[in-house]
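Each chain, written out:
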Amino acid sequence: MLQLHKIREDKDTIINALKKRNIDAEPVLSAIIDLDEKRRAIQTELDNTLAKSNKLSKEIGMLFKSGKAKEATALKEQTADFKEASKQLGEELTATSSELQELLYQIPNVPHDSVPAGNSDEDNEEIFREGDIPKLEEGALPHWELAKKYDIIDFELGVKVTGAGFPIYKGKGARLQRALIAYFLDKNTEAGYTELQLPLVVNEASGYGTGQLPDKEGQMYHVQNDDLYLIPTAEVPITNIHRDDILPKESFPIKYTGYTPCFRREAGSYGAHVRGLNRLHQFDKVELVRIEHPDNSYKALDEMTEHVKNILRELRLPYRILRLCGGDLGFTAALTFDFEVFSTAQDRWLEISSVSNFETFQANRLKLRFKDENGKSQLAHTLNGSSLALPRVLAGLLENYQTKDGIKIPEVLVPYCGFDMIN
RNA sequence: GGAGAAAUGGCAGAGUGGUCGAAUGCGGCAGUCUUGAAAACUGUUGAGGGUCACACCUCCGGGGGUUCGAAUCCCUCUUUCUCCGCCA
């Protein structure tokens, strides 16, 4: 959520920046400014009414105390008007405020200066590429075939037990998955991130805090009996740890990592390109979250992308980094770098990590603040990134490391797996 | 799941209808003293709205109600604690 005072002060800058998202924000922003003025006018009027009414009540109290009951009763009659007026003004205020709030919720984050304009993922800007794409031998298979051939992932069984998009990992497949999780967590804690084990369901307030609600309500599984949501990413429980906090300025940097399964309904995304592990309802992910001083957040973003690069280097997977264009940028992000691994047998790039700076957008909803040098409360910056999303890493590994004799395990993972070949 | 108790400022803890945004203690910050530090003493110290700045308004777990007036009374929800039951 954008900050009201910024909209008031920098309306034109915001409108211009949002053009990169192909949004004409002028009407909404004008409506917001009007509503805000209206809200403040009502607030002032209400405050004045309450002030008068408070004063009167105090006088009544004093009169009663000094035994002048008759005069007090006379004054009581005067309060009726104030009561009526403040009730009405209060209702107007609530209505105006929630109208204002709704409009504010509709506006996505303002893209960073470096974000290119563009309509879709085709306009994303490739800024880095590393690793050799292997030449596969004759008869190379996509990962879903390999999964079947070596009996390491059973998609049909998942359908039987739950439904499509809930695969069951078996034997060396399950072990490889566990190895990857342990390896990622080790890399992250070595880099100073504190490991967390998190709830997999969150309440409504947390959903709003990180911005999944209200705009992505349909993408989350909702447990209706208890009004809880299955997390679509560990970002939600992690970032919400500091909801409503005012941190001392020496708290930074705050660096967390956590492994969780992630649950996504993915409503309406069936069709091509969702085969195998490419798109699931439940998948594992190791996440990084940072909470930073505004002056430091872009440095932190760089550190996070370097960190993810290192992991991919160690896994020896060919990857590229994209700077997302305005049209593809997530609702809450100011700047996002996507990491994609080349999936050789499918001959396509698969997104395996997304590293973003949200600046104050989430912090404003979360009321996540810190005390600055002058002792004033200021919104912190939040960032997050995957390190990494498991299924697509697995897909990349299976496809890129396949040989006639089986699937080789990358060297760094062998100690975690306890084997060096799936065959 | 059943029965009871509780929820107040960074923490501890008073306050049971009337200048209470809230005593007191601890902690934090600033100052005095000191070569420096500690101790002692003095002052200061919640958040949000609003204003050029004041004034003023809101907030004592959340929501609703009673009253001229609510931290205080009533209803409701949530959470915590104790006891019982069940259980990984």
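In what follows, the structure referred to is the one given above.
A short tour of the structure in this document, coming up. Fair warning: this is a prediction, and the values are worked out from it, not measured in the lab.

Okay, the overall build of chain A next. The helix and strand inventory of chain A stands at 12 helices and 19 strands. Contacts in chain A between residues at least 24 apart in sequence constitute 73% of all its contacts with a sequence separation of at least 6. About 20,600 Å² of surface is accessible on chain A, with carbon and sulfur atoms providing 48% of the total.

This brings us to the environment of K216. With respect to the helices, strands and loops of the structure, K216 is situated in the loop between α7 (204-210) and β6 (222-223). Residues K216 and F331 lie 115 residues apart in sequence; the distance between their C-alpha atoms is 9.7 Å.

Moving on to the protein's contact with RNA strand B. In the vicinity of RNA strand B lie 19 residues, with R40, D47, S57, K76 and K371 positioned nearest. Sugar plus phosphate: this is where 69% of the atoms of RNA strand B within 4 Å of the protein reside. Taking R39, its side chain carries an N or O atom lying 3.4 Å from a sugar or linking oxygen of RNA strand B. Contacts to RNA strand B include K371, whose side-chain N or O atom sits 2.3 Å from a phosphate oxygen. For the surface near RNA strand B, the secondary-structure elements that each account for two or more residues are α2 (26-65), α3 (69-106) and β14 (369-371). With 11 residues, α2 is the single largest residue contributor to the surface near RNA strand B. Grouping the amino acids of the surface near RNA strand B by side-chain chemistry returns five nonpolar, six polar and eight charged.

Conventions used here
- Residues numbered from 1 in each chain as written.
- Chains lettered and ligands numbered in written order.
- Predicted model: local features only at pLDDT ≥ 70, side-chain atom pairs only at ≥ 80, totals over all residues.
- Heavy atoms only, no water.
- Helix = DSSP H or I, 4+ residues; strand = E, 2+ residues; numbered from the N terminus.
- Contact = heavy atoms within 4.5 Å.
- Areas by Shrake-Rupley, 256 points an atom, 1.4 Å probe, with all protein chains shown as cover.
- Near = heavy atom within 4 Å.
- Polar contact = N/O pair within 3.5 Å; in protein donor to acceptor, adjacent residues only side chain to side chain.
- Nonpolar A, V, L, I, M, F, W, Y, C, P; charged D, E, K, R; others polar.

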